Amino acid sequence: MDNLDSLFNKKEYQLVLDLTKDSKDPKELLMRVACLVILGKTDEALDEIEKNQSIIETKYQLRLMKLHFELLFSKDLLDEAYLALKHYQDLPYVSQEVEEFMQEVDYKIKHPQTKPAARLIDIDDIYDILEKSTDQGLISKCLYSLKTYNINIYIDSLKIFLLRKDVHPNFRMLGLFLLIDRKYDAQIKVFDGEKVMTVNPAKLVPPFTGKEFEETRAKIDEKSDKNVSIKEAALGLLNCYIMDSYPYDIYKDGCDKLATIFIILAKEYLGEDTSSYDEELIKSAQKIKELIQSTPEIRF
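Calculation criteria
- Residues numbered from 1 in each chain as written.
- Predicted model: local features only at pLDDT ≥ 70, side-chain atom pairs only at ≥ 80, totals over all residues.
- Heavy atoms only, no water.
- Patch = residues over 30% accessible without salt bridge, like charges linked within 9 Å, V, L, I, M, F, W, Y side chains within 5 Å.
- Areas by Shrake-Rupley, 256 points an atom, 1.4 Å probe, with all protein chains shown as cover.
- Salt bridge = Lys/Arg side-chain N within 4 Å of Asp/Glu carboxyl O.
- Lys, Arg positive; Asp, Glu negative; His and termini not counted.
- Charge placed at Lys NZ, Arg CZ, Asp CG, Glu CD.
- Helix = DSSP H or I, 4+ residues; strand = E, 2+ residues; numbered from the N terminus.
- Expected span 1.5 Å × (residues − 1).
- Buried < 20%, exposed > 50% of the residue type's maximum accessible area, 1.4 Å probe, protein only.
- Phe/Tyr/Trp six-rings, centres within 6.5 Å; stacked < 30°, edge-to-face > 60°.
- Disulfide = S-S within 2.5 Å.
- Core = buried A, V, L, I, M, F, W, Y, C linked by side-chain atoms within 4.5 Å.
- Contact = heavy atoms within 4.5 Å.
- Polar contact = N/O pair within 3.5 Å; in protein donor to acceptor, adjacent residues only side chain to side chain.
- Pairing = 2+ DSSP bridges.

A. Seen up close, a negative patch on the surface. A cluster of acidic residues, Glu212, Glu215, Asp249 and Asp253, forms a negative patch at the surface. Counting through the fold element by element, Asp253 comes out in the loop between helix H13 (228-245) and helix H14 (255-269).

B. Broad picture of H13. If you check H13, its first and last C-alpha atoms are 26 Å apart, about what 18 residues at 1.5 Å a residue would give, namely 26 Å. Within H13, 14 of the 18 residues are buried, leaving the element largely enclosed by the surrounding structure.

C. Quick peek at the packing of aromatic side chains. Evaluated as defined, the whole model comprises seven aromatic pairs. When the centroid spacing of 5.4 Å and the interplanar angle of 70° are considered together, the rings of Phe8 and Tyr13 count as edge-to-face. Owing to a relative accessible area of 22%, Phe8 belongs among the partly exposed residues under this scheme. Exposure remark for Tyr13: the relative accessible area of 12% places this residue in the buried category. Judged by centre distance (5.7 Å) and plane angle (50°), the ring pair of Tyr241 and Phe262 falls under tilted. One end of the pair, Tyr241, is in helix H13; the other, Phe262, is in helix H14, and 21 residues separate them in sequence. For Tyr241, a relative accessible area of 13% corresponds to the buried category.

D. Representation of the state of the cysteines in the model. For the coordinates displayed, the defined rule picks out zero disulfides. Looking at the unpaired Cys35, the closest cysteine sulfur is the one in Cys240, lying at 12 Å. Overall, the relative accessible area of 0% leaves Cys35 in the buried class. With no disulfide partner, Cys255 has as its closest neighbouring cysteine sulfur the one in Cys240, 19 Å distant.

E. Representation of the nonpolar core in the model. The biggest cluster of nonpolar side chains holds 62 residues, and the ones touching the most others in it are Phe69, Ile220, Leu237, Leu238 and Phe262. Setting aside residues no more than four positions away along its own chain, Leu237 makes contact with Leu7, Leu15, Phe262, Leu265, Ala266, Tyr269 and Ile292. Listed in part, the 29 residues of the second largest apolar core include Ile129, Ile151, Met173 and Tyr184.

F. Here's a closer look at the pattern of salt bridges. This model, assessed by the stated rule, comprises 14 salt bridges. Put simply, Asp43 and Lys75 hold a salt bridge, and the shortest N to O gap is 3.2 Å. Taken together, the residues Asp43 in helix H4 (residues 42-56) and Lys75 in the loop between helix H5 (61-74) and helix H6 (78-89) connect sequence positions 32 residues apart. Owing to a relative accessible area of 46%, Asp43 belongs among the partly exposed residues under this scheme. The closest approach of N and O atoms between Asp221 and Lys231, which form a salt bridge, is 3.4 Å. With Asp221 in helix H12 (residues 211-223) and Lys231 in helix H13, this residue pair connects regions lying 10 residues apart in the sequence. Salt bridges here are not isolated pairs; linked through shared partners, they connect Lys219, Lys223 and Asp256.

G. Molecular detail of the environment of Lys257. Here Lys257 lies in helix H14. Between the alpha carbons of Lys257 and Lys147 there is a distance of 37 Å; along the sequence they are 110 residues apart. If we skip the residues at most four places from it in the chain, Lys257 touches Glu280, Leu281 and Ser284. There is a polar contact of 3.2 Å between the side chain of Lys257 and the side chain of Glu280.

H. Focus on the environment of Ile263. Its location among the elements puts Ile263 in helix H14. Spatially, the C-alpha atom of Ile263 lies 42 Å from that of Asp156, the residues being 107 residues apart in sequence. Excluding anything up to four places from it in sequence, Ile263 contacts Ile220, Lys223, Ser224, Ile230, Ala234 and Tyr277.

I. Highlighting the pairing of strand E2 (residues 196-199). Taking every second residue as pointing to the same face, the buried face of E2 carries Met197 and Val199, while none of Val196 and Thr198 on the other face is buried. The pairing of strand E1 (residues 188-191) with E2 spans four bridges and is antiparallel. Bridged to Lys189 within E2 is Thr198. Here E1 folds back onto E2 in antiparallel fashion, the turn holding four residues, of which Gly193 has a positive phi close to 105°.

Next up, the structure:
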């Protein structure tokens, strides 16, 4: 489960779905529903709930209910929401929080309202969030909001943000990606988790692009020997590694070797034997695995 949590937090939602397709574990099944919701696969998420509802609700009734009714309300399925509510009301008492949530759902079913439009963060709040906030939900929303503003408005605060040690490393990298996307042509400093590095975003190859990235993906496809599960797992883990390592050069030992390493990692995640591979490659795979797993969980 630790591996799945790490992959989920790195936004490798399709990979989590591939790895849990035969699961009967309540937490993993709930994670599957969450992945489908995030990927915008509403109908599939509802099907997943219908198929595994009795398993998930034994341990995660409130969390399942929140996802379930969010999906039903998003599609204006009020009749289905009413039937779902009756089902949950017939279950044994869990907590006062669950009871209060069901009362809220009952009110929403009887008094449907138009949902208000989502609001981005105001510019006056962006400075304080980038420079001081440790609320990961706010930080994530703030970084998304930056795309709608002129870079000169927030650049000084973003530079402070990129050096902060008290924010998640993936958020720091997202801030750097934003500058790369804007082709910001100046030297900036970024804390990489161990030391401060100096880079020019305009001169960096964007992550998940470039000849070496495409060559590595092609070699993973070739080495997976038409096994779709291994291929998808390897590509997902490669994406995790890029996110955790950027902007360092991960291709210095060659794309072929790197592709083999991720095939090894994919097979490990899928429970397949890797003992036939060269010991040096297995050791390299373990180092990458440790790096991926060392990235702390994002908690909203």
